[in-house]
Amino acid sequence: MGDYKQFVVIRQNTPTITLYFDQSHAYDADMVTVTDNAISDADFQIITNHFIKNEPEVPYMLSNNLVDGSDDIDDFQFVHPIVKNQNVVFPFSVEMIQPVLDVLNPYVLLRAKINITHRSESLVEKGWHIDAPDAPDGVNFKSALLYLNTCDGYTRFASGEKIVSQENRLVIFNANDEHTGTTCTNDKFRAVLNVVYL
């Protein structure tokens, strides 16, 4: 098919289809968009109840060494994988994040997960990284962060922007933009939904 890449589309309540994207398909690499109150309060409450409040009944896995080669004692987080490498891991959790997917309107859902970083005495940046290191050349995925709680943690971009965690705030950027998340000092944890998509 020439300069086209094949992607399998995962969308709720529709048949699975295959799309072909021209490799020149790209997003503005310098654009970071921030939307407060990104989804309705009712939908946001359902999401937070499912993932972080009232003793959630979803499994979280320990993720060590967020930054390759790090031996930092603070270099870990807990993760609830929802979609991994375009494969649904927890179908019910996909249903829970549907209001966010409705806003993003993805054609390809590469990854979706909840990240829980721990509280620390002082803020710790978790390490510079990009969200789609294995993306095919010329295909620029988007990354979206929905902050699930308000705390003093933040996302910092290599370009200088710093976005503070505020519940129901949605941050969208090019998945190849280098950035880092943090711990928090004023809550038990920092919780973020991360979606990587086209």
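Residues numbered from 1 in each chain as written. Predicted model: local features only at pLDDT ≥ 70, side-chain atom pairs only at ≥ 80, totals over all residues. Heavy atoms only, no water.

1. Some thoughts on the overall build of the protein chain
Right, so step 1: A tally of helices and strands in the protein chain yields three helices and 13 strands.
Right, so step 2: Within the protein chain, buried positions represent 44% of all 198 residues.
Right, so step 3: For the protein chain, the share of sequence-separated contacts (at least 6 apart) that also reach a separation of at least 24 residues comes to 72%.
Right, so step 4: Carbon and sulfur atoms form 48% of the exposed surface of the protein chain, whose accessible area is close to 10,200 Å². (Helix = DSSP H or I, 4+ residues; strand = E, 2+ residues; numbered from the N terminus. Buried < 20%, exposed > 50% of the residue type's maximum accessible area, 1.4 Å probe, protein only. Contact = heavy atoms within 4.5 Å. Areas by Shrake-Rupley, 256 points an atom, 1.4 Å probe, with all protein chains shown as cover.)

2. Some points on the side chain of His179
Right, so step 1: Structurally, the position occupied by His179 is in strand S12 (residues 179–180).
Right, so step 2: Engagement of the side chain of His179 in a polar contact is seen with the side chain of Asp131, the distance being 3.3 Å.
Right, so step 3: Not counting chain neighbours up to four residues away, the residues in contact with His179 comprise Gly127, Trp128, His129, Ile130, Asp131, Thr155, Arg156, Phe157 and Phe173. (Polar contact = N/O pair within 3.5 Å; in protein donor to acceptor, adjacent residues only side chain to side chain.)

3. With respect to the sheet that holds strand S10 (residues 162–164)
Right, so step 1: If you trace the three strands from one edge of the open sheet to the other, you get S10-S9-S12, paired in antiparallel fashion. On the outer flanks of this sheet lie S10 and S12, each paired with one strand and no other.
Right, so step 2: Pairing analysis gives two bridges linking strand S9 (residues 154–157) to S12, with the strands arranged antiparallel. Within S12, the residue paired with Arg156 across the bridge is Thr180. (Pairing = 2+ DSSP bridges.)

4. Details of the nonpolar core
Right, so step 1: Within the largest apolar cluster, 28 residues are counted, with the highest numbers of intra-cluster contacts made by Phe51, Ile82, Leu104, Leu146, Leu148, Leu193 and Val195.
Right, so step 2: Among all residues touching Leu146, those that are not within four sequence positions of it are Ala38, Ile39, Phe44, Val100, Asn168, Arg169, Leu170, Ala191, Val192 and Leu193.
Right, so step 3: With nine residues, the next largest nonpolar core counts Ala135, Ala175, Val196 and Leu198 among its residues. (Core = buried A, V, L, I, M, F, W, Y, C linked by side-chain atoms within 4.5 Å.)

5. Let's talk about the pairing of S9
Right, so step 1: Summarising the sheet, S9 and S10 pair through three bridges and their orientation is antiparallel. When the sheet's bridge partners are listed, Tyr154 is paired in S10 with Val164.
Right, so step 2: From the end of S9 to the start of S10, which pair antiparallel, there are four residues, and Gly160 there has a positive phi angle of about 115°.

6. Comments concerning unusual backbone geometry
Right, so step 1: Unusually for a residue other than glycine, Asn85 sits at a positive phi of about 50°.
Right, so step 2: As for its position among the elements, Asn85 is in the loop between strand S5 (76–84) and strand S6 (87–88).
Right, so step 3: Residue Asn85 is classed as exposed on the basis of its relative accessible area, which comes to 55%.
Right, so step 4: Unusually for a residue other than glycine, Asn105 sits at a positive phi of about 50°.
Right, so step 5: Locating Asn105 in the fold gives a position in the loop between helix H3 (98–104) and strand S7 (109–118).

7. Regarding the side chain of Asn174
Right, so step 1: The topology assignment puts Asn174 in strand S11 (residues 170–174).
Right, so step 2: When its relative accessible area of 2% is taken as the criterion, Asn174 is described as buried.
Right, so step 3: One polar contact links the side chain of Asn174 to the main-chain amide nitrogen of Asn176, over a distance of 2.7 Å.

8. Things to note about the pattern of salt bridges
Right, so step 1: The tally for this structure, following the rule as stated, stands at four salt bridges.
Right, so step 2: With a closest N to O distance of 3.4 Å, Glu121 and Arg119 form a salt bridge.
Right, so step 3: The exposure class assigned to Glu121 is exposed, which follows from its relative accessible area of 69%.
Right, so step 4: We classify Arg119 as partly exposed; its relative accessible area is 40%.
Right, so step 5: Residue Glu125 is joined to Arg156 by a salt bridge in which the shortest nitrogen-to-oxygen separation is 2.7 Å. Residue Glu125 is found in the loop between S7 and strand S8 (142–147), and its partner Arg156 is found in strand S9; the two are separated by 31 residues along the sequence.
Right, so step 6: Judged by relative accessible area, Glu125 falls into the partly exposed class, the value being 33%.
Right, so step 7: Residue class for Arg156 comes out partly exposed when judged on its relative accessible area of 25%. (Salt bridge = Lys/Arg side-chain N within 4 Å of Asp/Glu carboxyl O.)

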